[in-house]
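Listed below are the residues making up each chain.
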Amino acid sequence: MNIAVYPGSFDPITNGHLDIIRRAAKLYDKVVVGVLTNASKQPMFEKSQRADFIRRSTAALGNVEVAFFEGLLVDFLKKENAKVILKGLRATSDFEYEFQMALVNKQLCPDVETVFLSSSAKYTFLSSSVVREIGRLGGDISMFIPAEILDDVKTAMTAKK
Ligand code: PNS
């Protein structure tokens, strides 16, 4: 079985993430969305809430799973029996960091390949931090967030103001 891991903080999941997951679900037997739980930065949303938002946004996709991970990404891949790290590339600005990560992960685990999907043009500007910022400042996030979770993300953001 060809399994890809799509790692991230997903704080919260955006339409850009969902676009990558949908496209990857057509390429791989299974896509495991790995939710990072040990980031040094304090997330806006609890890990259980971030995972719940991803599950609900991807419910229509039969071969997508959500799991938590901490520590090294390559160790999580081993646990999930996966050989592919999936990343979305938005712009050249993502490239240097992602290229470095891909090389580090290759050093740590030569069996693992990092596969980049270019983001769809309409999402090249989009990131979770942009969504958090707009939400915090009272702007409209409806075009950035999956429809299934929009009301709950808005409510949670209002509660955090
Ligand atoms: O959504 P993010 O916060 O940009 O995702 C970053 C993530 C989770 C992909 C990255 O921080 C990561 O892979 N963390 C795990 C630690 C690790 O294995 N680092 C690579 C070796 S230094």
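Because the structure is predicted, anything quoted here is derived from the model rather than measured.

(A) Spotlight on the environment of Arg 90. Here Arg 90 lies in the loop between strand 4 (84–89) and helix 4 (92–108). With 27 residues separating them in the primary sequence, Arg 90 and Leu 117 have C-alpha atoms 8.8 Å apart. Polar contacts involving the side chain of Arg 90 include one to the main-chain carbonyl oxygen of Leu 126, which spans 3.0 Å.

(B) Broad picture of the nonpolar core. By size, the foremost hydrophobic cluster in this structure holds 33 residues, and its most contacted members are Ile 141, Ile 145 and Val 153. Contributing elements (two or more residues each) for this core: strand 1 (3–8), helix 1 (15–27), strand 2 (30–36), helix 2 (47–57), strand 3 (64–69), strand 4 and helix 6 (150–159). In this structure, Ile 145 is in contact with Pro 12, Ile 13, Asn 15, Val 131, Leu 150 and Val 153, ignoring residues within four places of it in sequence. Ala 67, Val 74, Ala 82 and Cys 109 belong to the second-largest nonpolar core, a separate cluster that totals 13 residues.

(C) How the structure looks around the sheet that holds strand 5 (residues 113–118). An order of 3-2-1-4-5 is seen for the five strands of this open sheet, with the pairing classed as parallel. Both edges of this open sheet fall to strand 3 and strand 5, since each of them pairs with a single strand only. Looking at each pair of strands side by side, their axes are set apart by 35° on average, direction ignored. As defined by bridge partners, strand 4 adjoins strand 5 across six bridges and the pair is classed as parallel. Counted as the bridge partner of Leu 86 is Val 115 from strand 5. Sheet strands touched by helix 1: strand 1, strand 2, strand 3, strand 4 and strand 5. Its angle to strand 5, the strand with the most contacts, is close to 120°. Most of the contacts of helix 4 go to strand 4, to which it runs at about 175°, and overall it touches strand 4 and strand 5.

(D) View of the layout of surface pockets. Its boundaries defined by the atoms lining it, the largest pocket holds a volume of some 1,100 Å³. In terms of lining, the largest pocket is formed by 43 residues, of which the most central are Pro 7, Gly 8, Ser 9, Tyr 97 and Glu 98. Sorting the residues of the lining of the largest pocket by element identifies strand 1, helix 1, strand 4, helix 4 and helix 5 (128–136) as the ones contributing at least two each. Among the residues forming the lining of the largest pocket, the class breakdown is 18 nonpolar, 15 polar and 10 charged.

(E) A look at the environment of Phe 76. The topology assignment puts Phe 76 in helix 3 (residues 73–80). Residues Phe 76 and Lys 122 lie 46 residues apart in sequence; the distance between their C-alpha atoms is 31 Å. With residues near it in sequence (within four places) discarded, Phe 76 still touches Val 5, Val 32, Gly 34, Ala 67, Phe 68 and Phe 69.

(F) Representation of unusual backbone geometry in the model. In this model, Asp 11 is joined to Pro 12 through a cis peptide bond whose omega is 0°. Checked against the element boundaries, Pro 12 lands in the loop between strand 1 and helix 1. Its identity as a non-glycine residue notwithstanding, Phe 10 has a phi of 50°, on the positive side. Within the secondary structure, Phe 10 sits in the loop between strand 1 and helix 1. Residues other than glycine seldom take positive phi values, yet Asn 81 does so here, at roughly 65°. For Asn 81, the position within the fold is in the loop between helix 3 and strand 4. A relative accessible area of 58% means that Asn 81 is categorised as exposed.

(G) Seen up close, helix 1. With 13 residues, helix 1 should reach 18 Å at 1.5 Å per residue; the first-to-last C-alpha distance of 19 Å fits that figure. Restricting attention to buried positions, one finds in helix 1 the residues Asn 15, Gly 16, His 17, Leu 18, Asp 19, Ile 20, Ile 21, Ala 24 and Ala 25. Where helix 1 begins, one side-chain oxygen reaches toward the backbone nitrogen of Gly 16, 3.1 Å away; that side chain belongs to Thr 14.

What counts as what
- Residues numbered from 1 in each chain as written.
- Predicted model: local features only at pLDDT ≥ 70, side-chain atom pairs only at ≥ 80, totals over all residues.
- Heavy atoms only, no water.
- Helix = DSSP H or I, 4+ residues; strand = E, 2+ residues; numbered from the N terminus.
- Polar contact = N/O pair within 3.5 Å; in protein donor to acceptor, adjacent residues only side chain to side chain.
- Core = buried A, V, L, I, M, F, W, Y, C linked by side-chain atoms within 4.5 Å.
- Buried < 20%, exposed > 50% of the residue type's maximum accessible area, 1.4 Å probe, protein only.
- Contact = heavy atoms within 4.5 Å.
- Pairing = 2+ DSSP bridges.
- Axes fitted to C-alpha atoms, helices over the stretch in contact; angles between N-to-C directions.
- 1 Å grid on protein atoms, 1.4 Å probe; cavity = no way out; pocket = protein on both sides within 12 Å on 5 of 7 lines; lining within 4 Å.
- Points joined across faces, edges and corners; volume = space filled by probe spheres on them.
- Nonpolar A, V, L, I, M, F, W, Y, C, P; charged D, E, K, R; others polar.
- Expected span 1.5 Å × (residues − 1).

In short, shape yes, function no, at least from these values alone.
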